[in-house]
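# Descriptive structure summary
One-letter residues, chain by chain:
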Amino acid sequence: MSDPDCLFCKIVAGEIPADKVGETEHTVAFRDINPQAPTHVLVIPKVHQPDIGSLAAAEPEAAVALLVEAERVARDEGTGSFRLVFNTGADAFQTVFHCHGHVLSGRSLTWPPG
Ligand code: AMP
Ligand code: ZN
């Protein structure tokens, strides 16, 4: 359920401070410390799963809750237009191996991403 060495499990447990913008039964949402857009919020499941695929397979209710919360964050904290990014795997620049969706909003976003 949780990993004692995981940074985001420590944020869920309140052992490391975070600038939270929401919490639900299944999720915590907090501002990224290195924002890439005016609104850059990470939405994570409370349960420890390394990525969105493993979360969806093991805890589908939490995966859906994460999507619902991402949309709420984009509406309440951003403009409602948003990008939801799951960097998955080292080659996709995943650096924290606790599932997290990046909610990016508040400016025009280019495509394709780098
Ligand atoms: P990723 O590269 O997709 O794994 O994203 C990890 C994100 O976590 C990066 O955008 C970091 O800026 C962010 N991050 C790392 N540590 C913290 C922290 N303590 N609080 C908030 N965001 C963090
Ligand atoms: Zn974790």
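Whatever comes next refers back to the structure up there.
Residues numbered from 1 in each chain as written. Chains lettered and ligands numbered in written order. Predicted model: local features only at pLDDT ≥ 70, side-chain atom pairs only at ≥ 80, totals over all residues. Heavy atoms only, no water.

## Observations regarding the overall build of the protein
Note the following rule: Numbered from the N terminus, helices here are DSSP runs of H or I no shorter than four residues, and strands are runs of E no shorter than two. Radius of gyration: over C-alpha atoms. The globule rule applied is 2.2 Å multiplied by the number of residues raised to the 0.38 power. Surface accessibility in these figures is a Shrake-Rupley result with a 1.4 Å probe; residues are shielded only by whichever protein chains are displayed. Under the convention used here, Asp and Glu are negative, Lys and Arg are positive, and both His and the chain ends fall outside the count. Taken as the charge centre is NZ of Lys, CZ of Arg, CG of Asp or CD of Glu, depending on the residue.
Looking only at helices and strands, one finds 3 helices and 5 strands in the protein. Listed by position from the N terminus, the elements making up the protein come as α-β-β-β-α-α-β-β. Relative to its length of 114 residues, the protein is compact, with a C-alpha radius of gyration of 13 Å against a globular reference of 13 Å. With respect to the three principal axes, the spread of C-alpha positions in the protein is 35 × 30 × 25 Å. Looking at the protein as shown, the accessible area adds up to about 6,400 Å², and 55% of this sits on carbon and sulfur atoms. Treating the 8 positive side-chain charges of the protein as one cloud and the 15 negative ones as another, the clouds have centres 7 Å apart.

## Some points on the site of ligand 1
Here is the rule: What makes a residue near a molecule or strand is one non-hydrogen atom of that residue sitting within 4 Å of it. Distance and chemistry together define a polar contact, namely a pair of N or O atoms within 3.5 Å, with one atom able to donate a hydrogen and the other to accept it when in protein, and with adjacent residues in sequence counting only for side-chain atoms on both sides. Lining residues are defined by having an atom within 4 Å of a point belonging to a cavity or pocket. Those points lie on a 1 Å grid over the protein atoms alone, cavities being sets where a 1.4 Å probe fits but cannot get out and pockets being open sets with protein on both sides within 12 Å along at least five of seven lines. Think of it this way: if more than half of a molecule's atoms are within 2 Å of a pocket's grid points, that molecule is in the pocket or cavity.
Within the structure, ligand 1 sits among 15 residues, and Asp32, Asn87, Phe93, Thr95 and His102 are positioned closest to it. Contact between ligand 1 and Thr95: an oxygen atom at 2.7 Å from a main-chain N or O atom of the residue. Expressed as a share of its isolated accessible area of 510 Å², the protein-covered part of ligand 1 is 84%. With respect to the detected pockets, ligand 1 is housed in the largest pocket.

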